[in-house]
There are 2 protein chains.
Amino acid sequence: MRKISDSTIRRLSVYLRFLEQAKSPTISSGELARLGGTTSAQVRKDLSFFGSFGKRGLGYSVPELTRRIRDILGLERGYRVVLVGAGRMGGALVQYHGFRQRGFHITAIYDQDSRKIGSRWNGLVVRDVKHLETDLKKDPSDIAIVATPAESAQHVVDRLVRSGVKAILNFAPVPLNVPPDVEVKTVNMALELETLSYSLANR
Amino acid sequence: MRKISDSTIRRLSVYLRFLEQAKSPTISSGELARLGGTTSAQVRKDLSFFGSFGKRGLGYSVPELTRRIRDILGLERGYRVVLVGAGRMGGALVQYHGFRQRGFHITAIYDQDSRKIGSRWNGLVVRDVKHLETDLKKDPSDIAIVATPAESAQHVVDRLVRSGVKAILNFAPVPLNVPPDVEVKTVNMALELETLSYSLANR
DNA sequence: CCCCCATTGTGAAATAGTTCACAATGCGGA
DNA sequence: TCCGCATTGTGAACTATTTCACAATGGGGG
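Residues numbered from 1 in each chain as written. Chains lettered and ligands numbered in written order. Predicted model: local features only at pLDDT ≥ 70, side-chain atom pairs only at ≥ 80, totals over all residues. Heavy atoms only, no water.

> What is the right way to read the relation of the copies chain A and chain B from this model?
Think of it as a corkscrew move, a rotation about one axis and a shift along it, taking one chain copy to the other. Aligned on chain B, chain A shows an RMSD of 0.0 Å; the corresponding rotation is 180° and the shift along the axis is 0.0 Å. The two molecules are tied by a two-fold rotation axis, judged by turn and shift. A share of 100% of interface residues in chain A that are also interface residues in chain B marks the association as one of identical surfaces. (Least-squares fit on C-alpha atoms with pLDDT ≥ 70 in both. Contact = heavy atoms within 4.5 Å.)

> Please clarify how unusual backbone geometry should be interpreted in this entry.
Most peptide bonds adopt trans geometry, and most residues besides glycine take a negative phi value. Phi is positive for Asn122 of chain A, close to 55°, though the residue is something other than glycine. Its place among the elements puts Asn122 of chain A in the loop between strand S6 (120-121) and strand S7 (124-128). (Helix = DSSP H or I, 4+ residues; strand = E, 2+ residues; numbered from the N terminus.)

> I tried to follow helix H4 (residues 62-73) of chain B on my own but got confused; where do I start?
Given 3.6 residues per helical turn, the α-helix brings residues three or four places apart onto the same face. The terminal C-alpha atoms of H4 of chain B, which comprises 12 residues, lie 16 Å apart, in line with the 16 Å expected from a rise of 1.5 Å per residue. Within H4 of chain B the residues assigned to the buried category are Val62, Leu65, Thr66, Ile69, Arg70, Ile72 and Leu73 of chain B. The buried residues of H4 of chain B occupy one face: seen down the axis, they fall within an arc of 160°. Exposed and oriented more than 90 degrees from the buried face of H4 of chain B are Pro63 and Asp71 of chain B. For H4 of chain B, the elements touching its buried residues are helix H9 (189-201) of chain A together with helix H1 (6-21), strand S1 (26-27), helix H2 (29-36), helix H3 (40-48) and strand S3 (59-61) of chain B. Of the residues flanking the start of H4 of chain B, the one acting as N-cap is Ser61 of chain B, its side-chain oxygen 3.1 Å from the backbone nitrogen of Glu64 of chain B. Gly74 of chain B, located one to two residues past H4 of chain B, shows a positive phi value of around 75°. (Expected span 1.5 Å × (residues − 1). Buried < 20%, exposed > 50% of the residue type's maximum accessible area, 1.4 Å probe, protein only. Arc of directions from axis to C-beta. Polar contact = N/O pair within 3.5 Å; in protein donor to acceptor, adjacent residues only side chain to side chain.)

> Honestly, the protein's contact with DNA strand C in this entry has me stumped. Any pointers?
Near DNA strand C you find 24 residues, and of these Ser29, Arg44, Gly54 and Tyr60 of chain A together with Arg56 of chain B are the closest. Arg56 of chain A has a polar side-chain atom sitting 3.0 Å from a base oxygen of DNA strand C. Contributing elements (two or more residues each) for the surface near DNA strand C: helix H3 (40-48), strand S2 (54-55) and strand S3 (59-61) of chain A together with H1 and H3 of chain B. If one sorts the elements of the surface near DNA strand C by residue count, H3 of chain B sits on top with four residues. Taken together, the residues of the surface near DNA strand C break down into four nonpolar, 11 polar and nine charged. (Near = heavy atom within 4 Å. Nonpolar A, V, L, I, M, F, W, Y, C, P; charged D, E, K, R; others polar.)

> Any chance you could explain the interface of chain A and chain B here in plain terms?
The extent of an interface is frequently quoted as the accessible surface area lost upon association of the parts. Contacts between the two partners involve 56 residues from chain A and, on the opposite side, 56 residues from chain B. Counting each side, the surface lost to burial between chain A and chain B is near 5,100 Å², with a carbon and sulfur contribution of 69%. The largest share of the area that chain A buries against chain B comes from Leu193, Glu194 and Tyr198 of chain A, three residues that together contribute 14% of it. On the surface where chain A and chain B come into contact, there are six salt bridges. A salt bridge links Arg102 of chain A to Glu194 of chain B; the nearest nitrogen and oxygen atoms lie 3.0 Å apart. For the interface between chain A and chain B, the tally reads 16 residue pairs in polar contact (both at pLDDT 80 or more). Put simply, the parts of the chain that give the side of chain A that touches chain B at least two residues each are helix H1 (6-21), helix H4 (62-73), helix H5 (88-94), helix H6 (97-101), strand S9 (167-170), strand S10 (183-186) and H9 of chain A. With 13 residues, the top contributor of residues to the side of chain A that touches chain B is H9 of chain A. (Buried area = accessible area lost by both parts, 1.4 Å probe. Salt bridge = Lys/Arg side-chain N within 4 Å of Asp/Glu carboxyl O.)

If you want it as structure tokens, here you go:
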């Protein structure tokens, strides 16, 4: 498959959100652009990498385009996700509704801390992280969320990778080393604030 | 000032992290690149937009480059930050150490929910969001973090903007409309998972 | 049935970002 | 002092992404 840029994928994700909320049966690239904060040409170009889904003069069928984008993003299948790190960030993520809505099901939570192990979080019992490998052997997951302290993140990731996890969403503020067939996305909130600081400093 | 790309600013932020951990007195672009997951040419180019801070044959002085980057990013001054939304995400953010370490001080927390108002969070009392404008009049903030439900986010942001807030870090999964002199950065975790889903679907 | 109009799909042009490659140069050692 | 080497700083080349602009076309109205 032709290499598609990350920004295109992120925009598809945004378009999908608006399609799911749309009430009319069709939508034009211009309307989608207005909602998603981009241009109509960008919308059409993004979609054109994957096929031609619209009708000239009319726009796109909302249900069809929704289905197509969900399919492109691989959202039709649903994912089992394990969460490592039952700190406050982990707690926020477990109850975050957006994940379940989009087909990402957190199926287990792990921590090191004996005070947390055994407690119930949103219907799940926090398990000792020492069971990570054996649990994943029984019930494999493609995606893991890492919300541990910076110090333990790389070690946890190594264990996840050995257990067959192929994609990691990382909230620990460190870059992670993984083999090339594993995808990591790091969300670093301090870094986001720093870009805001830069824009405040330069006006 | 010449327009600097967002990716350059984000990389500077990453370099800064490693500089703060470095133990040797000097560092080369190659070493910084290795740590930050980029190339030495990229490091030098990023820095060259702001000046020439290195010594040929030797590299960069760690303390000096640290200071320079902190200065470029506007981190020397320290920021007062207000947080709106005392849900789980808000709770995770309040105690997030990375913010304070980098000079971002959360000075107030607001919520709508009378059950939360008055409770103590990390040394701060959650205040009724109805006091937002009057509080900001007394003690202005440049930065706000919005961690409310999607429905209330735009309304809260309008009030923040009227109260003089110039930069917003948004965790609500909606795009926000603000005047052009206000900077918004939206962190959308479901979207990050969707990019991972895409990469799993296309291998 | 045919024309008109809104809107798509897409090459081509423009812009933005990254990598290359090498002259410039500061330092350490002889 | 002078040489050699490591490493910077930076135009120029390259690659990626966005925007432009317009021919193609489907549908609705007369």
